[in-house]
Each structure stands twice: as structure tokens, then as C-alpha cells.
2 protein chains.
Amino acid sequence: MFTVAPATRIDARAARTPAQDQIAVALLGLGQVGSAVARLALESCPGMQLPVRITGALVRDLHRPRPTGNRVPLTAAGDELLDGAPDVVVEVLGGLEPARTLVLRALGRGIPVVTANKSLLAVHGDELFTAAAETRTPLRYEAAVLAGVPFLGTFTRRPLAASLASLCGVVNGTTNFILTEMSAGRAYPDALAEAQRRGFAEPDPSNDVLGVDAAQKLAVLLRHFAHCSVKPEQIETTGIGGLCARDLDQAAVLGGALKPIIAADWTGHDLSAFAGPAFVAASHSLARIDGVQNAIVLGGAPGGDLLFAGPGAGPVATAATILDDVVEATEQPKPQKTVEAHRTRGAVPAAPLTGWFIRLTGNTLPVAPDVADLLSARGVWLRRVSDDDGRDGRATRWLVAHPCDRGRIEAALAAVRTAAACDAHWIRALEERA
Amino acid sequence: MFTVAPATRIDARAARTPAQDQIAVALLGLGQVGSAVARLALESCPGMQLPVRITGALVRDLHRPRPTGNRVPLTAAGDELLDGAPDVVVEVLGGLEPARTLVLRALGRGIPVVTANKSLLAVHGDELFTAAAETRTPLRYEAAVLAGVPFLGTFTRRPLAASLASLCGVVNGTTNFILTEMSAGRAYPDALAEAQRRGFAEPDPSNDVLGVDAAQKLAVLLRHFAHCSVKPEQIETTGIGGLCARDLDQAAVLGGALKPIIAADWTGHDLSAFAGPAFVAASHSLARIDGVQNAIVLGGAPGGDLLFAGPGAGPVATAATILDDVVEATEQPKPQKTVEAHRTRGAVPAAPLTGWFIRLTGNTLPVAPDVADLLSARGVWLRRVSDDDGRDGRATRWLVAHPCDRGRIEAALAAVRTAAACDAHWIRALEERA
């Protein structure tokens, strides 16, 4: 736990160089990303006009050796860092507390905050953005989604480009890596172990594989682009645990790929959204986003869809994005009592209308035309059907259905299960898109 | 021609509303893009805090009917518009003069300028950016490259993200559309006619099909990202006229596609660059950029390559980008005596080291191993070879060679031509890229 215990007194103003031509940054957290921020700042990043100086870092354990050695003063008391009146606070603690309390305090004192913490923004966004608006203090979070790709801030300054109506994306590198490995024939446990070995997955990978991380990032994006405050747990969220390597094989046979998708649409006023693995046609721009790559497609822009892709995580990419945010936060004019805080409305996203990717498994299965008849009688129309696959002594068949609502697919598949004595597993399928 | 002739006197200050809460914009040009800017401004764009008011438009012909009717005051005298002291000047005349003179005058008076004119920036960039730096006046050009995709301005504010080392892209929608049509089997003249019919190509398509437009955009990008001032005519530039539909077929057979590419590398200090059609492997992020879509891949970013893709042209997309630039130009703090003007150095790009896509045609051709021997004796190594194609009564074979410099491929192919009495046509080929 963090303590409010004693520590070296840190005063950024006192420590500032005579020239005052440095940005004094207080670091909340000195884990992987925090250390990368400190190292990059200590290297006095090439190309930066204004060097960044780390006034100190909030850590849990003052005595643990750090890669930054004694070049970054440590403290276990976050308030001490704020009392030093840094130019910017960088929050890289992760999790909700004490991040929330300290960020609120910084904003309350008018100290700009840069964070990469999507959990914090997704869960406490209303409170944080209101606090930022009250004191007209920048709160920047470019690294919270697609950590290595600058695109969020761009749209806050460009009202016409920001008049969007939908988005979809691959925003979790861990699950994208796992599904990419599985599409090369690896079993799920092997692919997960490989992701952990390479540092792409945490020892406890739950947040990634259950879709929590993706849903939180979607909530951040919905506030940013749709001006909706959405609780991440109200977004339909599916993990990748139910998929097997054969699903990925068959997705390719059926002309697409399975990707960990987030998608939302707010055309008109109604918001729909989901986070979970989905079939995407090979022609879809997200079909080729492989490995730890991330991407966002923004729909409804004046001339057509926009695609932004690149590294979604990694300490160095994240740290560089955070430091660029620091530069922007200090150069940016005082925001007008922010637009978003006023325009943002609470919303519970509906389940969207999408296609479906379905796996039927049983001792025997009806022939494909009979399955199609069973489904079409309940208003579900098939787009593609794979050949029957008799491996493992059980019959398995994969189907791609045209868009319909979730209630209808559930009812139709319940009927198939009863009639054909088989299991049905289904995930969403995205329409083809140029 | 434009005249300095009489016209209605236009004074933005006098015409301004009491509340002064509008951005007064003088439009230089009222063609396709200018009209779209005016229409979008008259619609008082949704989502914009500050409405834009068009103080007047510079036109050649005062008497031609305009889609904006009498809602936009017309003048044939650019100086009158500047005398009205607008908040921002939008230059959408195209071409070099009088655009250059008027933009210089606006900057000289400290009036921010927004332009989409890549010819102007490519040819007169040194002069224009120096003038902007002298008076610390914004000169914005987000719509000059990838007109519908906001990405250029993002990097001017983010020094670490902007520490790049290379770029490649598809930045000309006209030729990308033509090559995409040709890859579906259409002959070049048909594909060009279709592009003209749809408004993607000018009646005189030379600038696009000869690669001039792409080379100019590359010059703009090199100033922006590599801080190099490059004359577009010093960039190796190839048109698409030498390609036939069978080249596009065979590119697919050889595992890739032909795309109108720009590419540059400034790793270390040496700059290399080219603009022209090139073979790209199917795994390359640009291989799937089809039709009028445009894309840029930026290399050397902290966490890996960044991809930005979307509409590259079109009056509505361009107009929206221009108006967003207008908003940014008025909100942006006075630039520091701009970084770029100081850091920019003149450079003549070298011819890059790339692979090659080669077509050999003759009455008879040596067998593939003999061609490979002829080339490898001169240091050119083949990666892939297509089957002999005997259509049209002539033998044709396509080859993809590993990277080597241009002098070497030229010498090697000269030797093949002599030895085998055949014609050789070659374009560049890009290495595969994740």
C-alpha cells in the first residue's frame, strides 16, 4: 500500500534551474512505464525544445532498487509531489486508487495531468473531467488507447473531423497476439504462455482475455468521440476463452479472420457497442491487423473512414506518447470550460445489429440446407457455411449469418440445439467494409 | 487572369458581428474546394464552437454564377480581401501565382494562412515558411497530403512522435484508382477515362499520371518530417504510363500488387526518396490501399510503424480539413520563431536501394535459370520469377529482384537485353514490412 508517511521533501520550484526552461514533472508510479518515462526524460529527448525534469516519483517501496538509480528522487507520499508544484503530473500507477485521489488533487490545484490509465478514465471519467473543467486544467490521455499512435488529441482540436458516427478497432494487443498465434495453429494455452513469455500478457491475464481492458478503452473512446459517459460493465463484453484454433482455421476458410474487436455506433442518437472477438471479412481494414498491432477505424468522417494503426502498448512507445502529452499540456492554452464536460451525456449502449459467426458441434449434425432452413424459419439468414468437419469423432460446422439482433440469433440457435441435439457457440461478425 | 481591378470594398472588421465571436475568413479561390469551404461555413458546421464567416472570395470572373449565390461577396482583387484584415486567409486557388504573392502578403501582415496547395508548398516552401517564421504567423496545410486524414499537425506538437526516420505511402488517389481498375483487368485508357468520368482525374491528367503531384506531396512531407527542403523535380519520379494490365495481373501472381508509391528514408543523415509505381508485397500495409484511398506509413516511431489511411481528396473532405485548420490557426498560440525554419536543410535525395519488378518481352526469351544467371553475374538476385507468358505471340516474363542500387539493375538489364534480344521495363519493389 501507499503510505502518507515521511519522505524527502520535494519542492519543484526550489529545485528548478535558474533558467526555468525545463518542464518539471512529478511521476506518480515508477513501474515499467514510469521507469521508461524517467529514462526518456533523463536522456533529454532529441528533438524536444524544452527538457523535462522529473521532480520525483511516487513509489510503494522506497528501498527497492530502481533502473533510474538515484537520479529520480523517490517518495511514498503523493501529496509531497503535488506540494512541490510541478508543471505537470504524470500518472502511471495504474488501477483506481490512489490514482483517482491524486489526479483529482492535482486538477483541483490547476496542475495539468497526463495519464495512460484507461481503468481510471473508464471508471471515474465523469468526476475527473468535471474536475478538469472546473479548474480549466488539461487532462491528457493520448496513451490510454493505441498507446503508440497519436490520434486522440488531434480530434479535440478539429471539430469537423471529430463529427463521427461510429468506430471499430483492435485495441488489445495481448488478445490480438494470442488470436494471431492461434490462427497459425497454436492452442490457446500455448499462445497465452507465449504472450506471457514475451511480456505481452500479465501473469494474471484476466483483464485482457476476458475483454475488460478492451471495454474500458471503448468507454474512453466513447467519451472522446461520442460524448457519452458509459460504464464499461454496461458494454456487452466477451472474452476470447471460448475460441479454439479450429475456429480460426475455419474463419479463414469462410473468407475472414477472428479479431478482438471493439465497435460502436452512435448514428442518430442511439448508442450501440460491444467488445469481444468477432469474425471480420478479409476485405475489412481490421482483418490484417496482426500480432500486437492495434488499429482504430473511425466512421462518418466527411470523406470516408479513417484508419489509424500502430503499436498499442509497450513501455517505450507509451512513455514517448506520455512525454509528448506533457509538452502539449504545457503549451496548450487554458482550455475553455471544457466542451466535453457540458456535452457529455450518460448512456447505456444497446447490443448492436451485427452478423454472427457460429460453431455447431454434435455427434451428428443435420445437412447444411436443413440447418439453413431451421435458422431462416426464425429470421436468421446464412451468408456462408463451412463443410462438415468430423475431427475428434464429433461433427462440427461453422456458419456466418447476416446481421440480426442478439435476441433473434439466440432464439434461433436455441431451436437448432433442440432440433439437432448439438452445441452452438457464437460470436459477432462484422460487415465487410471498404 | 486575376486582375487588380475594382470590386466591392470588403472590410471584415466593419462587417463583423457585434459579438465578434466569429472567425472572419477570406477565401482565395472559389473553385470546387473553395465552394465546398464556403458551403460548409454557411451551414455553420455542427460541433464548431466558433462559427466561420466568409468575408469574401477572390475569383477570376465576377460574373460567373456560383453555387454560393450572393451569400459570398466576390472580388477580383486579392489585396482588397487582405485589407479587410480577416482572421484567417484560406488559399484554395491552386497553382503558383497569384497564390504565392497573396500568401506572402498575408503572412507579412501576420494573418494566419491555411492552404491545401501542395504545388505552392513544394515549390515555394522555403520562402513561405521563412515568412511565417519572421512574423510568427501560423501557416497550416493539413489538407495538402491525405486531404481527409488529420495527421500532419499532430506531429508538429509532439516532438517524440515526430522523431521519425522513414516514410512510404500512397498519396495520389487518381493513379491508385487507375491501377486498382487495371488490376481488375481494365486497360489503362479505359481506367483513366473512368477516373475522369467520376471526377477523380482532371481533363488533363498529366500531373497525376506523370507522378508530379506525388513528388510535390513527398516534398511537403520531407519538409514536415525530415526537415529537408527538397525540390520536387530532384526526386526520382516515374509515371504510371508504362504499365499494362498484365503487369498488375502478374504482380498478383508474384505475391503482391502495383501501387503508386512515394517513399523516403533519412536514417542517419542521408536522404533517399522516389515517387512512382512500385511492386509491394501482399503483406505490406500499403498493398490493400485501393481505389481513391490514400495512406502513409511512418517509420522509426518509438514503438514501431504508424499507419494513417483514409480519403486523399474530394471537395468535402478537403473543405472540412481546411476549416478545422482555420479553427486551429485561430486557437493556436503564436508559434515560437518556428523550429522548422531553423532546422530545415536543403537536400538532394539519392536514389534509394529497393527491390525491382521487371518485365522482359521478346520473340523468345531464355529459360528462367539462364535469366537468373545473367542477372546474378551482375550482382542482381531474383526473389521470384513468373512463368513464361506467350500471349500476343511474344514471350513475356516478370521477375522480382532483391534490393540493389539503380545503377546495378540498369547495367544488369542492359546485359540481358543484349544477350537475349528482348525489351526490359522495370519499376521499384518495396521490401515486405509488417
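Our structure is the block above this text.
Residues numbered from 1 in each chain as written. Chains lettered and ligands numbered in written order. Predicted model: local features only at pLDDT ≥ 70, side-chain atom pairs only at ≥ 80, totals over all residues. Heavy atoms only, no water.

Draft legend 1. Just the sheet that holds strand 1 (residues 23-28) of chain A, in detail. Residue and element names in this part refer to chain A. Taken together, the six strands give an open sheet; going across it, the order is 3-2-1-4-5-6, and neighbouring strands pair in parallel fashion. Each having just a single partner strand, strand 3 (74-75) and strand 6 (139-140) make up the two edges of the open sheet. Sheet topology places strand 2 (residues 52-58) next to strand 3; two bridges connect them, and they run parallel. Counterpart to Ala-57 in the pairing with strand 3 is Leu-74. (Pairing = 2+ DSSP bridges. Helix = DSSP H or I, 4+ residues; strand = E, 2+ residues; numbered from the N terminus.)

Draft legend 2. Up close: the pairing of strand 12 (residues 293-299) of chain B. Residue and element names in this part refer to chain B. Buried residues dominate strand 12, accounting for six of its seven residues. Both strand 7 (residues 166-170) and strand 12 contribute to a ladder of five bridges, which runs antiparallel. Paired with Leu-167 across the bridge in strand 12 is Leu-298. With six bridges joining them, strand 12 and strand 13 (residues 306-311) adopt antiparallel strand pairing. Note that in strand 13 the partner of Gln-293 across the bridge is Pro-311. Linking strand 12 to strand 13, which pair antiparallel, is a turn of six residues; within it Gly-300 sits at a positive phi near 90°. (Buried < 20%, exposed > 50% of the residue type's maximum accessible area, 1.4 Å probe, protein only.)

Draft legend 3. Quick look at the packing of helix 2 (residues 32-42) of chain B against helix 12 (residues 315-331) of chain B. Residue and element names in this part refer to chain B. Close contact between helix 2 and helix 12 brings their axes to 8 Å; oriented N to C, the two are set at 60°. The orientation of helix 2 relative to helix 12 falls into the category oblique. Two packed elements cross with a definite hand, and for helix 2 against helix 12 that hand is right-handed. Where helix 2 abuts helix 12, its residues Gln-32, Val-33, Ala-36, Val-37, Leu-40 and Ala-41 lie against Pro-315, Val-316, Thr-318, Ala-319, Ala-320, Ile-322 and Leu-323. The residue makeup of the contact of helix 2 with helix 12, split by class, is eleven nonpolar, two polar and no charged. (Axes fitted to C-alpha atoms, helices over the stretch in contact; angles between N-to-C directions. Parallel < 35°, antiparallel > 145°, perpendicular 65-115°, else oblique. Left-handed = near helix turned anticlockwise from the far one by under 90°. Contact = heavy atoms within 4.5 Å. Nonpolar A, V, L, I, M, F, W, Y, C, P; charged D, E, K, R; others polar.)

Draft legend 4. Region of the structure containing the interface of chain B and chain A. Between chain B and chain A, the residue contacts involve 45 residues of the former and 45 residues of the latter. For the chain B and chain A pair, buried surface summed over both sides reaches about 3600 Å², with 58% attributable to carbon and sulfur atoms. Counting across the interface, chain B meets chain A through six salt bridges. Run the count over chain B and chain A and you get 15 residue pairs in polar contact (both at pLDDT 80 or more). Mapped onto the side of chain B that touches chain A, the elements with two or more residues apiece are helix 6 (152-156), strand 13 and helix 12 of chain B. (Buried area = accessible area lost by both parts, 1.4 Å probe. Salt bridge = Lys/Arg side-chain N within 4 Å of Asp/Glu carboxyl O. Polar contact = N/O pair within 3.5 Å; in protein donor to acceptor, adjacent residues only side chain to side chain.)

Draft legend 5. Representation of the sheet that holds strand 2 (residues 52-58) of chain B in the model. All names here are of chain B. In space, the six strands of this open sheet follow the order 3-2-1-4-5-6, with parallel pairing throughout. This sheet does not close on itself; its edge strands, each paired only once, are strand 3 (74-75) and strand 6 (139-140). Note: strand 5 (residues 113-115) against strand 6, two bridges, orientation parallel. Within the sheet, the bridge partner assigned to Val-114 lies in strand 6 and is Arg-140.

Draft legend 6. Structural context of the relation of the copies chain B and chain A. When chain B is brought onto chain A, the operation consists of a screw motion whose angular component is 180° and whose axial shift is 0.0 Å, with 0.0 Å RMSD remaining. Taken together, the rotation and translation describe the operation of a two-fold axis. Across chain B, the smallest distance between a C-alpha and the rotation axis is recorded for Phe-308 of chain B, namely 2.4 Å. In this assembly the copies share their binding face: 100% of the residues contributing to the interface of chain B also contribute to that of chain A. (Least-squares fit on C-alpha atoms with pLDDT ≥ 70 in both.)

Draft legend 7. Quick peek at the environment of Val-297 of chain A. Residues and elements named next belong to chain A. Relative to the assigned elements, Val-297 resides in strand 12 (residues 293-299). By relative accessible area, which is 1% here, Val-297 ends up buried. Val-297 sits 119 residues away from Ile-178 along the chain, and the two C-alpha atoms are 21 Å apart.

Draft legend 8. Quick look at the pattern of salt bridges. Tallied over the entire structure, the rule returns 43 salt bridges over all chains. For Arg-157 of chain A, the salt bridge is made with Glu-328 of chain B, and the minimal N-O distance between the two is 3.7 Å. Here Arg-157 of chain A is found in the loop between helix 6 (152-156) and strand 7 (166-170), whereas its partner Glu-328 of chain B is found in helix 12 on a different chain. In this structure Glu-328 of chain B comes out as buried when scored by relative accessible area, which is 4%. Across the pair Lys-259 of chain A and Asp-290 of chain A runs a salt bridge whose closest N-O atoms are separated by 2.7 Å. One end of the pair, Lys-259 of chain A, is in strand 10 (residues 256-265); the other, Asp-290 of chain A, is in the loop between strand 11 (272-281) and strand 12, and 31 residues separate them in sequence. Given a relative accessible area of 3%, Lys-259 of chain A falls into the buried group. Each of Arg-140, Arg-157, Arg-158, Asp-325 and Glu-328 of chain A together with Arg-140, Arg-157, Arg-158, Asp-325 and Glu-328 of chain B takes part in a single network of salt bridges with overlapping partners.

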